[in-house]
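# Notes for the structure review
Below, each chain spelled out in residue letters.
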Amino acid sequence: MVSRIMIAAPMSGSGKTTVTCGLLAALKKRGRNPVSFKCGPDYIDPMFHRRMLGVSSDNLDPYFLGQSDICHLLAEDAKRAGSDFALIEGVMGLYDGMGGVSEEASSYQLAVWTKTPIILVVRAGGIGRSLISLLRGFMDDDREELIRGCILNQVSPSFYPRLKTLIEEELKLPVCGYLAKDRQIEIGSRHLGLMTPDSLSDLELKLTKLAEMAKEGLDLAAIEKIAEQAPLLNVGEKKSGCGNDRSGRDRQSYSDDGGELDKQNRGDSGNGLNQQKCSDGRGGQDRQKPKSREYAGKFFGLRVALAKDRAFSFIYPQNQRVLEEMGAQIVPFSPLHDKRLPENIDGLILSGGYPELYLKQLEDNYGMRTDIRRAIAGGLPSIAECGGFLYLQELVSDPEGKSYRMCGLLPGKAWKTDRLVRFGYVELRGKKGSGFPGMERIRGHEFHYYDTSENGSDMMAAKPLSGRSWSCAFSGPDHWWGFPHLYYASCPGFAANFLYAADFYHKRRMAEERNDD
């Protein structure tokens, strides 16, 4: 059994991440081997947990996966890490889901699905008895009675005992400790939330101080006792696949020219990103429903290069795991420091990240830019998401407006705007002739301040609540390039199609090498 808790809050800015990092560090010092999760699509918090705390961390997102797959992922990650204690960090306010107005994909939905006890972090500086009304309101809306405790953040140590007594007497809700206000543990923010771990030279000192404060101020024994109240996970049957109903709602319909692809564009010979077909997603009968396990080991021996350095660091662990379970070998490389792509590769993934912070270094690495351009032009199957998509453009400008040359696969220019260009969950489907099956859909997330003159128009993206849709991305038999960050496990057929294209490329490469001999 996996003991587990969720650290949630009434709203963003309450201190969920601070408490989570302090609690993870304190638990490790206590001899525990915790595993952590972030509710939602954010990359940054799991990066902190993995790199700075040495804790295995992953995303659990009810928009990307259904309940059974969420429970499987939680259990599998805990088992893989050899952990019996899972800590889930919530997102936004406890009941805030899609669009901020739905409970769907909220921290609370995740807690309900996984039957995880909740500890609320409340910012208690500048507030007193009003905390009772705040907490009572959240408890009244907790229909599953999962809120089992609270932690007071940024409270005066001298005032804490009185607040603790008041809350426990009037609400019968255990108060599991506090963290005092201290600027020494504050972590700056940028772009997607917290700064990346590598960019904070004093982060280790901050985390050391935070761990000490957590050890002193948090009631670790009480928190562990609450975590032990979690029942056995009901993992059921793993159902990852395009036909999986993740939300309990019909998926959005699209007003575009997407539909059944003609055979010429569908690539029935099996040489592109367009071979597999999935459910129509609207309750219709599946024609073919690909799932990760159906492809287990099918693409053994294929080598996929993955951009992974300070400029390109955003990839969901589950994305990499899906490819590896299908048999692919992931070969990390650095567009910043390596002069060429890895040898003998059959596919390329340019992940998201912060390339805009390293434009001069990326431009100066002429060898890598040239090698990527030649390889993709020569048919190397490729996926480029968000930051990786910017890297394929001809020019990218820094915030001051100075332009730098990138790979030049696309004749576009990219520039920083003064606002989020697009934000939130999206579901994508290919248009006719896009090289992406007309009835197949994959889910993802967008969060970027940059825009480009070449955003593509091969896909239709739709918002899950409003149904608002727009054209985006470049998609073809051997490539997928666009701003959305994709979650492969929401449609494993997408990953399989990429590897089918890689397999075709591999066979062609081997044949050419034999002919050269």
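To start, this report covers the structure provided alongside it. (Residues numbered from 1 in each chain as written. Predicted model: local features only at pLDDT ≥ 70, side-chain atom pairs only at ≥ 80, totals over all residues. Heavy atoms only, no water.)

Moving on to the layout of surface pockets. Here the idea is plain: a probe the size of a water molecule rolls over the atoms and shows the empty space left. Roughly 190 Å³ of volume is contained in the second largest pocket. Lining the second largest pocket are Arg340, Leu341, Pro342, Glu343, Asn344, Ile345, Asp371, Arg374, Ala375, Leu380 and Tyr505. Per element, the largest residue contribution to the lining of the second largest pocket is 3 residues, and it comes from helix H12 (residues 366-377). When its residues are assigned to classes, the lining of the second largest pocket shows 6 nonpolar, 1 polar and 4 charged. (1 Å grid on protein atoms, 1.4 Å probe; cavity = no way out; pocket = protein on both sides within 12 Å on 5 of 7 lines; lining within 4 Å. Points joined across faces, edges and corners; volume = space filled by probe spheres on them. Helix = DSSP H or I, 4+ residues; strand = E, 2+ residues; numbered from the N terminus. Nonpolar A, V, L, I, M, F, W, Y, C, P; charged D, E, K, R; others polar.)

Taken in spatial order, the 4 strands make up an open sheet running S17-S16-S18-S21, and their pairing is mixed. Each end of this open sheet is capped by a strand with a single partner; those strands are strand S17 (403-405) and strand S21 (450-452). Across this sheet, the average inter-strand angle for adjacent strands is 20°, counted without regard to direction. One ladder, built from 2 bridges, connects strand S16 (residues 395-397) with strand S18 (residues 413-416); its direction is parallel. What sits directly across from Val396, in S18, is Ala414. (Pairing = 2+ DSSP bridges. Axes fitted to C-alpha atoms, helices over the stretch in contact; angles between N-to-C directions.)

Take the sheet that holds strand S4 (residues 85-89) next. Spatially, 7 strands are ordered S3-S2-S4-S1-S5-S6-S7 in an open sheet, and the strand pairing comes out parallel. Looking at strand neighbours, the two that pair on one side only are strand S3 (57-60) and strand S7 (175-179), the edges of this open sheet. Direction aside, neighbouring strands of the sheet carry axes that sit 25° apart on average. With 5 bridges connecting them, strand S1 (residues 3-8) and S4 associate as parallel partners. By the bridge assignment, Ser3 is partnered in S4 with Phe85. Contacts from helix H1 (residues 16-29) reach S1, strand S2 (34-39), S4, strand S5 (118-123), strand S6 (147-153) and S7, with the element oriented near 165° to S4. (Contact = heavy atoms within 4.5 Å.)

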